[in-house]
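Chain by chain, the residues:
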Amino acid sequence: MTRRRRGAAATAGLLAAALVATGCGGGSSHPKSAGGFKNVAPASIAVRSPAFGSGQAIPRVYTCSGRGTSPPLQWSGAPDGTRELVLLMRDIDAPGGNFVHWVVAGIPPGTDSVVAGHVPQGGVQGINSAGGVGYTPPCPPRSNRPHRYLITILALARRTGLRQGFTPSRLSGTGLASGTLVGTYAR
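## Regarding the overall build of the protein
Phase 1: A count of helices and strands for the protein gives 2 helices and 9 strands.
Phase 2: Starting at the N terminus and ending at the C terminus, the protein contains elements arranged as α-α-β-β-β-β-β-β-β-β-β.
Phase 3: Evaluated residue by residue, the protein yields a buried proportion of 47% over its 187 residues.
Phase 4: Sequence separation of at least 24 residues holds for 69% of the intrachain contacts in the protein that already meet a minimum separation of 6.
Phase 5: If you sum the accessible surface of the protein, you get close to 8,500 Å²; carbon and sulfur atoms cover 50% of it.

Encoded structure:
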């Protein structure tokens, strides 16, 4: 199995959890087993970027056509009892299905932003669908149809204890809350 396929396969459980946690295919309080998350997290975290609004185009600088750095993000609304935050960025319109561009675990609950081109303070990056560790910029096939990129923040009730280079399938815990910012991009 290639490194890219291992990375993509390892993200399957996390993606299922994120889909349900953010309201795309699941209820608001049903137990779930996919991805190791024990419940569905209500969408109560506000996620935004000073670089683009929800549903708007991601500026070129944050894509493969630009410098390819991660975008600046801000969030609020993590509930009491949050022990860790997880950041997940994925392309839901990728040819092979969900493509994980960035996954970061271990983010302290008091963290509420990340500067462009950086990792949230205290966070550890996991393997993306390209098989690397860290951020891989949006780079959809050339077409007139923009892809949608979901940037999700999940609040967990327990610390994951994951280290740099973790496989996303190792993410588990009880989701307390979530929030998603949607950006688009076409080449």
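Next, the rest of the story.
## Re the state of the cysteines
Phase 1: Scanning the model with the defined rule gives 1 disulfide in all.
Phase 2: Between the sulfur of C64 and that of C139 lies a disulfide, 2.2 Å long from S to S. Looking along the S-S bond of the C64-C139 disulfide, the torsion reads about 75°, which is the right-handed sense. In this pair, C64 is assigned in the loop between β2 (56-57) and β3 (73-76) and C139 in the loop between β7 (124-125) and β8 (147-156), connecting sequence segments 75 residues apart.
Phase 3: On the basis of relative accessible area, C64 is assigned to the partly exposed category, the value being 29%.

## What to know about the packing of aromatic side chains
Each aromatic ring pair is specified by the distance between its two centres and by the angle formed by the two planes.
Phase 1: On inspection of all chains with the given rule, the structure shows 1 aromatic pair.
Phase 2: Judged by centre distance (5.4 Å) and plane angle (80°), the rings of W102 and Y135 are edge-to-face. Residue W102 is located in strand β5 (residues 99-107), and its partner Y135 is located in the loop between β7 and β8; the two are separated by 33 residues in the primary sequence. Side by side, W102 and Y135 carry an identical accessibility label, which is buried.

## Let's talk about the side chain of T152
Phase 1: Secondary-structure assignment places T152 in strand β8.
Phase 2: The class for T152 is buried, based on a relative accessible area of 0%.
Phase 3: Of the polar contacts made by the side chain of T152, one reaches the side chain of T180; its length is 3.0 Å.

## Here we look at the nonpolar core
Phase 1: Grouped together as the largest cluster of nonpolar side chains are 22 residues, with contacts concentrated most on I45, L73, W75, L87, M89, W102 and I153.
Phase 2: Elements with a contribution of two residues or more to this core: β3, β4 (84-91), β5, β8 and β9 (175-185).
Phase 3: Ranked by the residues each element gives to this core, the list is headed by β8, at 4 residues.
Phase 4: Once you skip the residues sitting within four places of it in the chain, L87 turns out to touch L73, W102, V103, V104, I107, P120, T152 and I153.

## Observations concerning the sheet that holds β7
Phase 1: Overall, mixed pairing links the 6 strands, which are arranged β2-β9-β8-β4-β5-β7 in an open sheet. Edge positions in the sheet fall to β2 and β7, since each of these pairs with one other strand and no more.
Phase 2: Of the pairings in the sheet, the one linking β8 to β9 comprises 10 bridges and is antiparallel in character. Bridging across to β9, L150 finds its partner in V182.

## Considerations on the environment of R148
Phase 1: By the element assignment, R148 lies in strand β8.
Phase 2: Judged by relative accessible area, R148 falls into the partly exposed class, the value being 40%.
Phase 3: Separated by 58 residues in sequence, R148 and R90 have C-alpha atoms that sit 8.3 Å apart.
Phase 4: Other than its neighbours up to four places away in sequence, R148 contacts R90, D91, I92, D93, V182, G183 and T184.
Phase 5: At 2.7 Å, the side chain of R148 and the side chain of D93 are in polar contact.

## Focus: the sheet that holds β3
Phase 1: Judged by pairing direction, the sheet is antiparallel, and its 3 strands sit side by side in the order β1-β3-β6 without closing on themselves. Each of the sheet's edge strands pairs with one partner strand only, and the pair in question is β1 (46-48) and β6 (113-114).
Phase 2: Where β3 and β6 come together, 2 bridges link them in antiparallel fashion. Following the sheet pairing, L73 is matched in β6 by V114.

The rules behind these values
Residues numbered from 1 in each chain as written. Predicted model: local features only at pLDDT ≥ 70, side-chain atom pairs only at ≥ 80, totals over all residues. Heavy atoms only, no water. Helix = DSSP H or I, 4+ residues; strand = E, 2+ residues; numbered from the N terminus. Buried < 20%, exposed > 50% of the residue type's maximum accessible area, 1.4 Å probe, protein only. Contact = heavy atoms within 4.5 Å. Areas by Shrake-Rupley, 256 points an atom, 1.4 Å probe, with all protein chains shown as cover. Disulfide = S-S within 2.5 Å. Phe/Tyr/Trp six-rings, centres within 6.5 Å; stacked < 30°, edge-to-face > 60°. Polar contact = N/O pair within 3.5 Å; in protein donor to acceptor, adjacent residues only side chain to side chain. Core = buried A, V, L, I, M, F, W, Y, C linked by side-chain atoms within 4.5 Å. Pairing = 2+ DSSP bridges.

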